Amino acid sequence: ITETVYVLRRTMVTYDDGEPGERTEVFKDLYAIDPGGGAPRHVADVSDLDDLRMLFPRDQVLLMGERNGRDVLRVLDPSTGALVREVETAARYHGTRLSPSGRFVAVADNAASGVPIHLIDTETYEIVAVPHDGVWLEVMWANDRDVLVAMIDYQLSWSLEEPDPEAARMRFVAWDVAQLAAT
């Protein structure tokens, strides 16, 4: 969001309550700051989330973070910071990529076998896995439109096992995700 700076403040509080050992709590608060002046505005308490990531799909603020090893998606109103929606997933996301229009997010699910790529529609928050017939794929958005380009690997040529050059095979495909979502 232009003209707004977001800051994560992390506070550690250590308690000595007379019991053996100390107890430490970590508090995490997200603030929005107008760079032109004014006091920081508290947006959200995110103490329950780890590995926090922030995206700006169109007219939203999207927080992605892990809770108990699984990702939670929190959609906030950019003006007020109010929670608009929360989606709990069974995924542990890594490698987040926002489409040029801001409508779609492509992200790898490290919790699932084969590390599938999930597409998240930021209008509906429907999550679907990108279908493919290989053993692994990597994706990236085209620069100027919501076209997802994928490299599908059929042998895991980057694995620790000795690849067989005769069997090595990759394929590149592209999907116009906006057009697919419209059908």
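Residues numbered from 1 in each chain as written. Predicted model: local features only at pLDDT ≥ 70, side-chain atom pairs only at ≥ 80, totals over all residues. Heavy atoms only, no water.

## Description of the pairing of strand β13 (residues 147-153)
Reasoning step 1: With five of seven residues buried, β13 lies mostly within the body of the structure.
Reasoning step 2: With six bridges connecting them, strand β12 (residues 136-141) and β13 associate as antiparallel partners. Residue pairing for β13: Glu138 is matched across the bridge by Met151.
Reasoning step 3: Between the end of β12 and the start of β13, which pair antiparallel, lie five residues.
Reasoning step 4: As defined by bridge partners, β13 adjoins strand β14 (residues 170-176) across seven bridges and the pair is classed as antiparallel. Paired with Leu148 across the strands is Trp175, a residue of β14. (Buried < 20%, exposed > 50% of the residue type's maximum accessible area, 1.4 Å probe, protein only. Helix = DSSP H or I, 4+ residues; strand = E, 2+ residues; numbered from the N terminus. Pairing = 2+ DSSP bridges.)

## Structural notes on the sheet that holds strand β9 (residues 104-109)
By definition, the strands of a sheet pair up through backbone hydrogen bonds, in either a parallel or an antiparallel sense.
Reasoning step 1: Taking strand neighbours across the sheet as the criterion, the four strands line up as β8-β9-β10-β11 in an open arrangement whose pairing is antiparallel. At either end of the open sheet lies a strand with only one pairing partner, and these are β8 (93-98) and β11 (127-129). Pairs of neighbouring strands in the sheet enclose a mean axial angle of 25°, with direction left out of account. (Axes fitted to C-alpha atoms, helices over the stretch in contact; angles between N-to-C directions.)

## A short note on the nonpolar core
One broad trend across soluble globular proteins is that nonpolar side chains are buried collectively.
Reasoning step 1: Residues Ala106, Ile117, Leu119, Leu137, Val139, Trp141 and Leu148 are the most contacted members of the largest nonpolar core, which totals 15 residues.
Reasoning step 2: Counting only elements with at least two residues in this core, the list comes to β9, β10 (117-121), β12 and β13.
Reasoning step 3: Formed by twelve residues, the second largest nonpolar core is a distinct cluster that contains Leu55, Ala91, Val105 and Val107. (Core = buried A, V, L, I, M, F, W, Y, C linked by side-chain atoms within 4.5 Å.)

## A word on the pairing of β10
Reasoning step 1: In terms of residue burial, β10 counts as a mostly covered element, since five of its five residues are buried.
Reasoning step 2: The pairing of β9 with β10 spans five bridges and is antiparallel. Each bridged residue has a counterpart across the sheet, and for Ala108 the counterpart in β10 is Ile117.
Reasoning step 3: Hairpin remark: β10 followed by β11, antiparallel, with five residues in the connecting loop; positive phi at Tyr125, about 60°.

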